[in-house]
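# Observations on the three-dimensional arrangement
Spelled out, the chains give:
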Amino acid sequence: MKPFQILDATLREGEQQSGVRFTCEDKIRILHLLESYQIDLIEVGHPGISALDEEICRKVAQSARRAQILMHARATVEEVHAVKRAKADWVGIWASINDVSIQTKFSHHQESYIQEKVQQAVIEAKKLGLQVRFTIEDASRTEWEKISSLGHVALQAGADRISLADTVGIWEPDTCKKIVTRAIEEFGCEIEVHLHNDLGLAQANALAAIDAGASVIDATILGIGERAGITDLIQLTVALQKLRNDHRYSLDRIPELVQVIRLTTGYRPDELRPIAGQNAFTHTSAYHVQAVKRNSKAYEPFPPETIGRTRLLEEKRPPIGSPKLPVSLQVGKPFPKGASELQYHRDGPGIRWVMMDSRVDERASFYVIQRIFGLCDL
Ligand code: HCA
Ligand code: CU
């Protein structure tokens, strides 16, 4: 496998998720956690948006301990200057050039105008001593000739790397692989990919891009980002370790990554989400539970402890309307703190006790009790 890096874009793309706005302290905290997860390329924001964004980006960049810092900019000299003032190592300049973009985003501009803006912005960035990633936005809906001509404009102006964005998440792994291979041949430079998850293919496309020789893969914690988000850092790094023997990332810190996103954005992964979801290591049917008790391999791809999680063995709830309520359970009361996962077991016909993870709030515990006893169907 050709060497590659993951670029974490939680602090830029992730902030484009509905309802998310990180404070400066949030960003610094997430940055440090990403560094301890062994991510060494981090995109922290878009300083050209406002003076406040510039100030936050600068403070975040200055707090980096070892990661290289990239900041986003439209193809304008002013935005490139904002990135320089905010003390980034890299600027990520982006532009789109297909018909959809020209019609919807730059109604009165021709292709040549966009090329000129890209050229000026890249030249300026190089003069300022920045490393330049140039992204072709919406590359997945752009004819190859346009990708090629705009990419060469950026490279001739001094860009260090070309990134291809599947902005609306429509690539399939095979297409993604072919385009990355073609881009490596065409441009002869490092190729990065930015893969949205609109069709649920971002993780598969990321692995395909790695197979094709991409040098950088963008991801965010829990995949947060615009609409359905992008490649999920947690899922990607676990897949890399379990499937490709890539042990670079500190997977035991996954619960902390999930927690920090929950605390800073209020977003919690749904129960079925691979790796991070509440049910990802929960075994329910009696047959599965028995087999897992004998040997957890029976129904697990890998032991949850290897990524800082624990297994939950549960059994099907009693039928709706069961009169056998447990003796020790007080509906609506929070559970004792300290358990590392939601756990419950049946003792005879009724559930005897329930313990909630201390991280789970009271409302959630009430919901779980209702669910266990069939009082609600959610
Ligand atoms: C955006 C679009 C973008 C850009 C990616 C990049 C995309 O929000 O500006 O600059 O690398 O998905 O195309 O996130
Ligand atoms: Cu994006």
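Refer to the preceding data block for the structure.
Let me begin by describing the structure that accompanies this report. (Residues numbered from 1 in each chain as written. Chains lettered and ligands numbered in written order. Predicted model: local features only at pLDDT ≥ 70, side-chain atom pairs only at ≥ 80, totals over all residues. Heavy atoms only, no water.)

So, about the overall build of the chain. When helices and strands are counted, the chain shows 12 helices and 12 strands. Taken over 378 residues, the chain has a buried fraction of 53%. Taking as baseline every contact in the chain between residues at least 6 positions apart, the subset at least 24 positions apart corresponds to 70%. Accessible area for the chain stands at about 17100 Å²; split by element, carbon and sulfur atoms hold 51% of it. (Helix = DSSP H or I, 4+ residues; strand = E, 2+ residues; numbered from the N terminus. Buried < 20%, exposed > 50% of the residue type's maximum accessible area, 1.4 Å probe, protein only. Contact = heavy atoms within 4.5 Å. Areas by Shrake-Rupley, 256 points an atom, 1.4 Å probe, with all protein chains shown as cover.)

Attention now goes to the packing of aromatic side chains. All told, the structure shown has three aromatic pairs when counted by the stated rule. Centroid distance Trp144 to Phe187: 6.4 Å. Interplanar angle 35 degrees. Geometry classified as tilted. In this pair, Trp144 is assigned in helix α6 (residues 144–156) and Phe187 in helix α7 (residues 173–187), connecting sequence segments 43 residues apart. Residue Trp144 is classed as buried on the basis of its relative accessible area of 10%. In this structure, Arg161 packs its charged tip against the face of Trp90, placed 4.2 Å from the ring centre. The ring centre of Phe4 lies 4.7 Å from the NZ or CZ of Arg248, which sits over that ring. (Phe/Tyr/Trp six-rings, centres within 6.5 Å; stacked < 30°, edge-to-face > 60°. Lys NZ or Arg CZ within 6 Å of the ring centre and 35° of its normal.)

Here the focus is the coordination of the copper ion (ligand 2). Protein coordination at the copper ion (ligand 2): the donors are Glu13 (OE), His194 (NE2) and His196 (NE2), at 2.1 Å from the metal. Ordering the donors of the copper ion (ligand 2) by residue number gives the pattern E-x180-H-x1-H. Taken together, the residues Glu13 in the loop between β1 (5–8) and α1 (24–36) and His196 in the loop between β7 (190–195) and α8 (202–212) connect sequence positions 183 residues apart. In this structure, Glu13 and His196 share a single accessibility class: buried. (Donors = N, O, S within 2.8 Å, 3.2 Å for Na, K, Ca; no water.)

Before going further, it helps to spend a moment on the pattern of salt bridges. As enumerated under the stated definition, the model contains 26 salt bridges in all. Residue Lys146 is joined to Asp99 by a salt bridge in which the shortest nitrogen-to-oxygen separation is 3.0 Å. You can see Lys146 sitting in helix α6 and its partner Asp99 sitting in helix α4 (residues 99–104), a full 47 residues away along the chain. Note on Lys146: relative accessible area 12%, which makes it buried. (Salt bridge = Lys/Arg side-chain N within 4 Å of Asp/Glu carboxyl O.)

Take α6 next. With 13 residues, α6 ought to run about 18 Å at 1.5 Å a step, and its terminal C-alpha atoms sit 18 Å apart, in line with that. Remark: Gly158 follows α6 within two positions and exhibits a positive phi of approximately 120 degrees. (Expected span 1.5 Å × (residues − 1).)

For the second largest pocket, the calculated volume is near 290 Å³. Forming the walls of the second largest pocket are 16 residues, and the residues nearest its centre are Arg12, Glu13, Gln16, Glu137 and Thr167. Elements with a contribution of two residues or more to the lining of the second largest pocket: β5 (131–136) and β6 (161–166). Taken together, the residues of the lining of the second largest pocket sort by class into two nonpolar, seven polar and seven charged. (1 Å grid on protein atoms, 1.4 Å probe; cavity = no way out; pocket = protein on both sides within 12 Å on 5 of 7 lines; lining within 4 Å. Points joined across faces, edges and corners; volume = space filled by probe spheres on them. Nonpolar A, V, L, I, M, F, W, Y, C, P; charged D, E, K, R; others polar.)

Once that is clear, we can look at the pairing of β7. With respect to burial, β7 is a largely interior element, five of its six residues being buried. In terms of handedness, the path from β6 via α7 over to β7 forms a crossover that is right-handed. The sheet contact formed by β7 and strand β8 (residues 216–219) spans two bridges and is parallel. When the sheet's bridge partners are listed, Val193 is paired in β8 with Ile217. Traced from β7 through α8 to β8, the parallel crossover comes out right-handed. (Right-handed = clockwise from strand over helix to strand, strands pointing away. Pairing = 2+ DSSP bridges.)

As a structural note, the neighbourhood of ligand 1 is formed by Arg12, Glu13, Gln16, His72, Trp94, Arg133, Thr135, Glu137, Ala165, Thr167, His194 and His196. His72 is positioned such that a nitrogen or oxygen atom in its side chain is 2.6 Å from an oxygen atom of ligand 1. Considered on its own, ligand 1 offers 360 Å² of accessible surface; in the complex 93% of this is hidden by protein. Residues belonging to the shell around ligand 1 are distributed by class as follows: two nonpolar, six polar and four charged. (Near = heavy atom within 4 Å. Polar contact = N/O pair within 3.5 Å; in protein donor to acceptor, adjacent residues only side chain to side chain.)

Another point: the environment of Leu31. Among the secondary structure elements, Leu31 is positioned in helix α1. Residue Leu31 is classed as buried on the basis of its relative accessible area, which comes to 0%.

Glancing now at the side chain of Glu13. Overall, Glu13 belongs to the buried group, its relative accessible area being 3%. Beyond its immediate stretch of four places on either side in the chain, Glu13 contacts His194, His196, Thr220, Ile224, Gly225, Glu226 and Ile230.

We now examine α1. Taking 1.5 Å of rise per residue, the 13 residues of α1 would be expected to cover 18 Å, and the 19 Å separating its terminal C-alpha atoms lies within 8% of that figure. Among the residues of α1, those classed as buried are Cys24, Asp26, Lys27, Ile30, Leu31, His32, Leu33, Leu34 and Glu35. Close packing links the buried residues of α1 with β1, β2 (41–43), α2 (51–62), β3 (68–74), α9 (233–244) and α10 (254–265). Positive backbone phi, approximately 75 degrees, marks Gln38, located one or two places after α1.

Everything listed is a geometric property; what it means functionally is a separate question.
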